[in-house]
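# Architecture at a glance
Here's the letter readout for the chains.
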2 protein chains.
Amino acid sequence: MIGPVVTHYLFPEELLIPAENVAHVMPEHSVMHAALVLSSLGYNRIPVIDDDGKFAGTIGLSTIMGDLLDWDEISGEKMKTLKVEDVMDRKNNVLVQGYDDAQLLREMVHFNFLPVVDEKNVFLGIVTRKEILKRINFLAHELEKEYRIEKK
Amino acid sequence: MIGPVVTHYLFPEELLIPAENVAHVMPEHSVMHAALVLSSLGYNRIPVIDDDGKFAGTIGLSTIMGDLLDWDEISGEKMKTLKVEDVMDRKNNVLVQGYDDAQLLREMVHFNFLPVVDEKNVFLGIVTRKEILKRINFLAHELEKEYRIEKK
């Protein structure tokens, strides 16, 4: 269990970046489109969201590069005809709305971002290591200024 | 300044992953080789180290994908003839041995890993968000069990 003082610093509010502010692609987009979006934004991986706003998976540069290297011939033509849904990663750790902070912190050891969905799998947004690390910086600098801390 | 209790939890020892345990490529390797190394290890970016063990830069899937997309024709041939040194990123934030913990925490907001070098630019290893986040998990769960904390 995470105590109240640490919670106060790390999770003063929900760290969610809401869906409308998160770059994504759709299952029917081409792999080329996804590569251009990832490359132009400088992201390694983004969520795939379907027409109903549901979370369908993620696609990353590693997904696309892995496929390129597997083909007999590395080809831009193939990137234009293949769709995101043909190559996207469907097994993703997600946080379901109402998740607890301890779960979030534990998962952040392994992932740069985690999608957050509601109980119907509607995509609500993401939480990122970046936002957590901003809060940690704040805690590291402020905790011992603001609190007296003694070994029990 | 980071206080002694937070330091005790986050930096009980140096978090460096030593050079001999870090996957890397060399400037004269082909871009294809770098893509295969990145893809097979599931990494997005790795350091480039020269013959003398000095840090030369980094190469990432985003570097390679950006170049592929810029070419008239996406081509495996070109990936075999181009060298890492032709495309690698030479501007990287690095930590110089003796860096302080506050600098490390601040930089980790922006980067998944940071190269650590000595004053002669010899590559010593990397520090990663992953190792920091493991320590943060420990702090979040233990601090308020082990210490009595009161507002000043």
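Below, the structure is looked at part by part.

The rules behind each value
Residues numbered from 1 in each chain as written. Chains lettered and ligands numbered in written order. Predicted model: local features only at pLDDT ≥ 70, side-chain atom pairs only at ≥ 80, totals over all residues. Heavy atoms only, no water. Contact = heavy atoms within 4.5 Å. Salt bridge = Lys/Arg side-chain N within 4 Å of Asp/Glu carboxyl O. Polar contact = N/O pair within 3.5 Å; in protein donor to acceptor, adjacent residues only side chain to side chain. Helix = DSSP H or I, 4+ residues; strand = E, 2+ residues; numbered from the N terminus. Nonpolar A, V, L, I, M, F, W, Y, C, P; charged D, E, K, R; others polar. Pairing = 2+ DSSP bridges. Least-squares fit on C-alpha atoms with pLDDT ≥ 70 in both. Buried < 20%, exposed > 50% of the residue type's maximum accessible area, 1.4 Å probe, protein only. Lys, Arg positive; Asp, Glu negative; His and termini not counted.

### Some details on the interface of chain A and chain B
In this assembly, 50 residues from chain A lie in contact with 50 residues from chain B. Where chain A meets chain B, there are one salt bridge. Residue Lys151 of chain A is joined to Glu146 of chain B by a salt bridge in which the shortest nitrogen-to-oxygen separation is 4.0 Å. In this structure, the connection of chain A to chain B is made through 20 residue pairs in polar contact (both at pLDDT 80 or more). Among the elements of the structure, helix 1 (4-10), helix 2 (31-41), helix 3 (61-70), helix 4 (76-81), helix 6 (101-107), helix 7 (129-146) and strand 7 (147-151) of chain A are those that each provide at least two residues to the side of chain A that touches chain B. Considering every element that reaches the side of chain A that touches chain B, the biggest residue donor is helix 7 of chain A, with 14 residues. By residue class, the composition of the side of chain A that touches chain B is 28 nonpolar, eleven polar and eleven charged. Of the pairings in the sheet, the one linking strand 7 of chain A to strand 7 (residues 147-151) of chain B comprises five bridges and is antiparallel in character.

### Examining the side chain of Thr63 of chain B
Topologically, Thr63 of chain B is positioned in helix 3 (residues 61-70). Apart from the residues within four sequence positions on either side, Thr63 of chain B is in contact with Arg45, Val87 and Asp89 of chain B.

### Considerations on the relation of the copies chain A and chain B
Each copy of the sequence occupies a distinct position, and chain A is placed on chain B by a rotation of 180 degrees and an axial shift of 0.0 Å, giving an RMSD of 0.0 Å. Interpreted geometrically, this transformation is the action of a two-fold axis. Minimal C-alpha separation from the rotation axis in chain A is found for Ile149 of chain A, amounting to 2.3 Å. Mapped onto chain B, 100% of the interface residues of chain A are again interface residues, and the two copies thus contact each other with one and the same surface.

### Observations concerning the side chain of Glu144 of chain A
Among the structural elements, Glu144 of chain A can be located in helix 7. Among buried Asp, Glu, Lys and Arg side chains, Glu144 of chain A stands out as unpaired, with Lys152 of chain B the closest opposite charge at 7.9 Å. Side-chain polar atoms of Glu144 of chain A contact the backbone nitrogen of Val5 of chain B, separated by 3.0 Å. Look past the residues within four positions of Glu144 of chain A in its chain and what remains in contact with it is Ile149 of chain A together with Gly3, Pro4, Val5, Val6 and Lys152 of chain B.

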